[in-house]
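Fold and geometry: a report
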Amino acid sequence: MSSVHEASQADPNIHYRRILLKLSGEILMGEQSFGINTERLNYFAKNIAAISKLGVQIGLVIGGGNIFRGFALEKSGINRVTGDHMGMLATVMNALAMKDALIAANVPAITMSAIDMQGIAPAYNRQKAIEYLQKNHVVIFAGGTGNPLFTTDTAACLRGIETEADIVMKATKVDGIYSDDPLLHPDAEKYTRISYDEALQKKLKVMDLTAMCLMREHNKPLRIFDINEKNILQRLIYGEDEGTLVYK
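Here goes a summary of the coordinates provided. (Residues numbered from 1 in each chain as written. Predicted model: local features only at pLDDT ≥ 70, side-chain atom pairs only at ≥ 80, totals over all residues. Heavy atoms only, no water.)

1. Some words on the packing of aromatic side chains
- If you walk through the whole model with that rule in mind, you get two aromatic pairs.
- For the ring pair Y124 and F141, a centre distance of 5.6 Å and an interplane angle of 80° mean the geometry is edge-to-face. Here Y124 is found in the loop between strand 3 (109-113) and helix 4 (126-134), whereas its partner F141 is found in strand 4 (residues 138-142), with 17 residues between them in sequence. For the pair formed by Y124 and F141, the shared burial category is buried.
- One Lys or Arg, R159, reaches over the ring of Y124 and ends 3.8 Å from the middle of that ring. (Phe/Tyr/Trp six-rings, centres within 6.5 Å; stacked < 30°, edge-to-face > 60°. Helix = DSSP H or I, 4+ residues; strand = E, 2+ residues; numbered from the N terminus. Buried < 20%, exposed > 50% of the residue type's maximum accessible area, 1.4 Å probe, protein only. Lys NZ or Arg CZ within 6 Å of the ring centre and 35° of its normal.)

So this is what it looks like as structure tokens:
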């Protein structure tokens, strides 16, 4: 797959010039049960910095599950919309932490929020985001879509489409998509490639339905992979066939 995105001093061998990377908040916890483990935060920041320095333009969305899970609060009687607003704030917290970790790794980074956070993070603006990407800033999109009832998976796909990323890459704890939970069913089949139609038909747990349909409608490829594999981001941006590729 080729790309026409400009990238200063980019390695000519990289396969993707602009990516949207989706990280779950949970992977920032490490062995903790809550919050941000600074060792994990810095580990991921250094891995992201490594591919940024190769000339890859990176948009980043981080979930907020390490700080807040809205569905748990909903069970206690709190309104779902209120819970989602609280979850959006959690994503802003993670984004700010990642921004500082990236800057410490000598990579320019900026957080843009879909919700008004004046004095904390500038508002999301598509054109400005693209301009920052073209200058090789890592752009961290916080606040979800800015609306309740939408997941950060949907936010990641939306931002990937809006900023014309070559691919959306979703980091997980599993090395791809399986026919069933591989932890509970060791004989589950792994898919190295699968179409959106087939994934939807088989009701595979890839992303939520809204995110999947957005990706299919805009013919945007999706890569699911295990973020804990050594040098996985470098291998992916050079086009190695790791994890699972979902395509139209």
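2. A short note on the pattern of salt bridges
- A complete count under the given rule lists 13 salt bridges for this structure.
- One salt bridge connects D153 with K22, and the closest N-O pair in it is separated by 2.9 Å. Of this pair, D153 sits in helix 5 (residues 152-162) while K22 sits in strand 1 (residues 18-23), placing them 131 residues apart in sequence. For the residue pair D153 and K22, the accessibility class agrees, reading buried in each case. (Salt bridge = Lys/Arg side-chain N within 4 Å of Asp/Glu carboxyl O.)

3. Considering the nonpolar core
- Within the largest apolar cluster, 42 residues are counted, with the highest numbers of intra-cluster contacts made by L23, I48 and M98.
- Taken together, the elements giving at least two residues each to this core come down to strand 1, helix 1 (38-52), strand 2 (57-62), helix 3 (80-104), strand 4, strand 5 (167-172) and helix 8 (232-237).
- In terms of residue count, the dominant contributor to this core is helix 3 (seven residues).
- Excluding its chain neighbours within four sequence positions, the residues that come into contact with I48 are L21, L23, I58, L60, M98, L102, V138 and L233.
- Within the second largest apolar cluster, 27 residues are counted, among which are I110, C157, A199 and M212. (Core = buried A, V, L, I, M, F, W, Y, C linked by side-chain atoms within 4.5 Å. Contact = heavy atoms within 4.5 Å.)

4. Quick look at the layout of surface pockets
- The volume enclosed by the largest pocket comes to roughly 790 Å³.
- Here the lining of the largest pocket takes seven residues from helix 3, the largest share from any one element.
- Grouping the constituent residues of the lining of the largest pocket by class yields eight nonpolar, 15 polar and ten charged.
- Taken as a whole, the second largest pocket encloses approximately 560 Å³ of empty space. (1 Å grid on protein atoms, 1.4 Å probe; cavity = no way out; pocket = protein on both sides within 12 Å on 5 of 7 lines; lining within 4 Å. Points joined across faces, edges and corners; volume = space filled by probe spheres on them. Nonpolar A, V, L, I, M, F, W, Y, C, P; charged D, E, K, R; others polar.)

5. Digging into the packing of helix 5 against helix 7 (residues 209-217)
- At a minimum axis separation of 8 Å, helix 5 and helix 7 run at an interaxial angle of 20°. Comparing the axis directions of helix 5 and helix 7 gives the class roughly parallel. Once helix 5 is placed against helix 7, the crossing between them reads as left-handed. Residue-level contacts link D153, T154, C157 and I161 of helix 5 to T210, A211, L214 and M215 of helix 7.
- Considering only residue class, the contact of helix 5 with helix 7 consists of five nonpolar, two polar and one charged. (Axes fitted to C-alpha atoms, helices over the stretch in contact; angles between N-to-C directions. Parallel < 35°, antiparallel > 145°, perpendicular 65-115°, else oblique. Left-handed = near helix turned anticlockwise from the far one by under 90°.)

6. Focus on the pairing of strand 9 (residues 222-226)
- The buried fraction of strand 9 amounts to five of the five residues, a majority that puts the element mostly inside the structure.
- In terms of strand pairing, strand 5 meets strand 9 through five bridges, oriented parallel. Note that in strand 9 the partner of M169 across the bridge is R223.
- Pairing of strand 9 with strand 10 (residues 244-247), which is carried by three bridges, proceeds in the antiparallel orientation. By the bridge assignment for strand 10, I224 is matched with T244. (Pairing = 2+ DSSP bridges.)

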